[in-house]
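One letter stands for each residue in the lines below.
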Amino acid sequence: MNRGFYTCMAAQFFSSLADTALLYVAIDLLTKMHSPAWITPLLKFLFVLFYVLLAAFVGAFADSLPKGRVMFIANLIKIGGCALLFYELHPLVSYAIVGIGAAVYSPAKYGILTELLPPDKLVVANAWIEGLTISSIILGTVMGGALVSDRVAAVMLGFDFPAIETGINTSDEAALCVVAVLYIAAALFNLRIPLTGAIYARQERNPARLIEDFANCCVILWKDKLGQISLAVTTLFWGMGATLQFIVLEWAKQYLHMTYEKATTMVGLVGIGVTIGAVMSARMITLRKSLTVIPLGVAMGFLVMGMAFVHTTWVAYPMLILIGVLSGFFVVPMNALLQHRGHVLMSAGHSIAVQNFNENLSILTMLAVYSLMLRLQLPLSVIIVLFGLFLAGTMLFIQRLHAANQREHDSLALIGEHKH
């Protein structure tokens, strides 16, 4: 690992920390506006919508400039979205603008890994980036819950600079200032990311051609025997993960009778588990053994179903941590394998854009389904069981698809292949 890699990690940590904290501040704003429960998942829905809408363009943009500069521009967009909340723009609209910045940011932050590191370092690098990202999500979740609490708000509003009128008069404004500082810290680290020397062919600027090129990249990755398996797993994981974030919040309030601030710590427990799983995966799983972790996804589905029958915290705590451990252990090798195949078959920015498109389309679909279930007033226990069954069933199908691919041709021989 080199200094440039650790600088990227620092930038990613602060940017992700701010994204997560801002989500929970926005949820609190919706609560104060007395928005119905089915509106809340739309925050994440609109955030990831631009990953899908801009997928054909952000990959080319990431490959047209040095990745550090792309990440800096993306953080400026995020700062703009956060700042608009000061002017009482609706939280759904403001967080959607932050989503535009995140969509631009993602191909650069993942694409630069393949420029900085050789293939045999990608599993370890992904463990670092996933572990650090999940750590930032844990801290951001706890921070977001704390920033909107009366106790912390009173402390922040009681602090003032001598002889300076800040104009910060509400708890929401104080919380947004903290988030803005985090985005600025991320942007400063972006400026310190070194040039990698990677040069790509001149990027197409015609929107129609960009969409055509992107569609071709999607077809290439889905047809590849290794690419289709890793892409299917990560697509399913991120869709389930985003939805589970909201399910756990509602579950903690209904089943464990927790306040909103305490419920956010339950989401953090899943994140702790993911970090542990990511570290274990980095130490135990090589790129060549990455596909051996698929059965853990099936086990995770059955564990999620078990949440519907838990009403005590002493069972809930270890269960959520274990769900996180399983998910972290199997998603890190899958991410690394997908990045490797994408780098072999196409450019770094384009392959990550394809990954983002599929993963975030999954998030949009699952959040829409969850919001519809809430709108139809289905019991939360039914929702949890249905999501767990879907996860276990889909992972079992992916496992059988990989076995069928292996019977036809040894796709594992493709691991370590040089760029086409």
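By convention here, each chain's residues receive numbers from 1 onward along its written sequence. Where local features are concerned, this predicted model is filtered to residues with pLDDT of at least 70; where side-chain atom pairs are given and counted, the filter is 80 or more; whole-chain, interface and lining totals use all residues. Side-chain numbers here rest on the full set of heavy atoms in the structure, without hydrogens or water.

## Side note on empty space enclosed by the protein
Grid points spaced at 1 Å and placed over the protein atoms alone form the basis of the search, with a cavity being a set where a 1.4 Å probe fits but cannot get out and a pocket an open set showing protein on both sides within 12 Å along at least five of seven lines. Lining residues have an atom within 4 Å of a point. Grid points are joined across faces, edges and corners, and a volume is the space filled by probe spheres set on the points. Going through the model one piece at a time under the given rule, you end up with two cavities of 30 Å³ or more. Taken as a whole, the largest cavity encloses approximately 860 Å³ of empty space. Around the largest cavity, the lining comprises 41 residues; the ones closest to its centre are K44, T133, I134, I137 and W238. Top contributing element to the lining of the largest cavity by residue count: helix α10 (residues 225-255), with seven residues. By the criteria applied, helices consist of DSSP H or I runs no shorter than four residues and strands consist of E runs no shorter than two, each listed in order from the N terminus.

## Some words on the state of the cysteines
In this description, a disulfide is simply a cysteine sulfur pair whose atoms lie within 2.5 Å. For the structure on display, the rule yields zero disulfides. Here C177 is not cross-linked by a disulfide; its sulfur's nearest cysteine counterpart is in C82, at 8.3 Å. Here C218 is not cross-linked by a disulfide; its sulfur's nearest cysteine counterpart is in C217, at 7.2 Å.

## With respect to helix α1 (residues 3-32)
With 30 residues, α1 ought to run about 44 Å at 1.5 Å a step, and its terminal C-alpha atoms sit 44 Å apart, in line with that. Positive backbone phi, at 60°, marks H34, one or two positions downstream of α1. To estimate the expected span of a helix, count its residues, drop one, and scale the result by 1.5 Å.

## Some thoughts on the pattern of salt bridges
It is possible for side chains bearing opposite charge to pair when their charged atoms get close. When a carboxyl oxygen of Asp or Glu lies within 4 Å of a side-chain nitrogen of Lys or Arg, that pair is called a salt bridge. Enumeration over the complete set of coordinates arrives at four salt bridges. Across the pair E250 and K253 runs a salt bridge whose closest N-O atoms are separated by 3.9 Å. Of this pair, E250 and K253 both sit in helix α10, three residues apart, roughly one helical turn. Note on exposure labels: buried denotes an accessible area under 20% of the residue type's maximum, exposed denotes more than 50%, and partly exposed covers the range between, all computed with a 1.4 Å probe on protein chains only. By relative accessible area, which is 36% here, K253 ends up partly exposed.

## A look at the packing of aromatic side chains
Only rings of Phe, Tyr and Trp enter the pairing, Trp through its six-membered ring, and a pair is recorded when the two centres are within 6.5 Å. The plane angle decides the type: under 30 degrees is stacked, over 60 is edge-to-face, the rest tilted. The final tally for this structure, using the stated rule, is seven aromatic pairs. Look at F14 and F189: their rings are 5.7 Å apart centre to centre, the planes differ by 10°, and that puts the pair in the stacked class. Of this pair, F14 sits in helix α1 while F189 sits in helix α8 (residues 171-190), and the two are 175 residues apart along the sequence. For F189, a relative accessible area of 31% gives the class partly exposed. Residues F237 and W238 carry aromatic rings whose centres are separated by 5.0 Å and whose planes lie at 80° to one another, so their mutual orientation is edge-to-face. Site record: aromatic cluster; members linked through ring pairs are F13, F14 and F189.

## A closer look at the packing of helix α11 (residues 260-284) against helix α13 (residues 313-345)
Each pair of packed helices can be summarised by the angle the axes make with each other and by the distance between the axes. Angles shown run from 0 to 180 degrees and are taken between the N-to-C directions of axes, each axis being a line fitted to C-alpha atoms and, for helices, limited to the stretch in contact. Relative orientation of the contacting elements α11 and α13 amounts to 40°, with a least axis distance of 6 Å. Considered as vectors, α11 and α13 are oriented oblique to each other. Seen from above, α11 lies across α13 with right-handed handedness. Here M266, L269, V270, G273, V274, I276, G277, A278, M280, S281 and M284 of α11 come into contact with α13, specifically with A316, Y317, L320, I321, G324, V325, S327, G328, F329, V332 and P333. Gly is put with the polar residues, along with every residue not named as nonpolar or charged; the nonpolar set is Ala, Val, Leu, Ile, Met, Phe, Trp, Tyr, Cys and Pro, and the charged set is Asp, Glu, Lys and Arg. Of the residues contributing to the contact of α11 with α13, the split by class is 16 nonpolar, six polar and no charged. The labels follow the angle: roughly parallel below 35 degrees, roughly antiparallel above 145, roughly perpendicular from 65 to 115, and oblique for the rest. In this scheme, a crossing is called left-handed if the near helix is turned counterclockwise away from the far one by less than a right angle; it is called right-handed if the turn is clockwise. For this analysis, residues touch if any pair of their heavy atoms sits within 4.5 Å.

## Let's talk about the side chain of S136
When you line up the elements, S136 lands in helix α6 (residues 122-147). Classification of S136 by relative accessible area gives buried; the value is 0%. Leave out the neighbours within four places in its chain, and S136 touches F13, S16, L17 and T20.

## Describing a nonpolar patch on the surface
Each patch is built from residues that are more than 30% exposed by relative accessible area and take part in no salt bridge. Like charges join if they lie within 9 Å; nonpolar side chains (Val, Leu, Ile, Met, Phe, Trp, Tyr) join within 5 Å. Accessible surface is estimated by sampling points in the Shrake-Rupley manner with a 1.4 Å probe; for residues, cover comes only from the protein chains shown. Nonpolar side chains collect at one region of the surface, where L372, L376, L378, V382 and L386 lie side by side and expose about 420 Å² of accessible area between them. For L376, the location among the structural elements is in the loop between α14 (348-375) and α15 (380-408).

## Digging into the packing of α1 against α11
In the contact formed by α1 and α11, the axes pass within 12 Å of each other and the chain directions differ by 145°. Relative to α11, the crossing made by α1 is right-handed. Contact residues: α1 offers Y24, I27 and D28, while α11 offers Y260, T264 and V267. Residues that form the contact of α1 with α11 fall into these classes: four nonpolar, one polar and one charged.

## Looking at the nonpolar core
Nonpolar core, defined: a set of buried Ala, Val, Leu, Ile, Met, Phe, Trp, Tyr and Cys residues in which side-chain atoms within 4.5 Å join the residues together. Residues L22, W251, M266, M307 and M395 are the most contacted members of the largest nonpolar core, which totals 101 residues. Sorting elements by how many residues they give to this core places α10 first, with 16 residues. Not counting residues within four places of it along the chain, the set of residues in contact with L22 comprises C82, L85, Y95, V98, L176, V179 and Y183. Counting residues in each nonpolar core, the second largest holds 34 residues, with M9, V58, C218 and L221 among its members.

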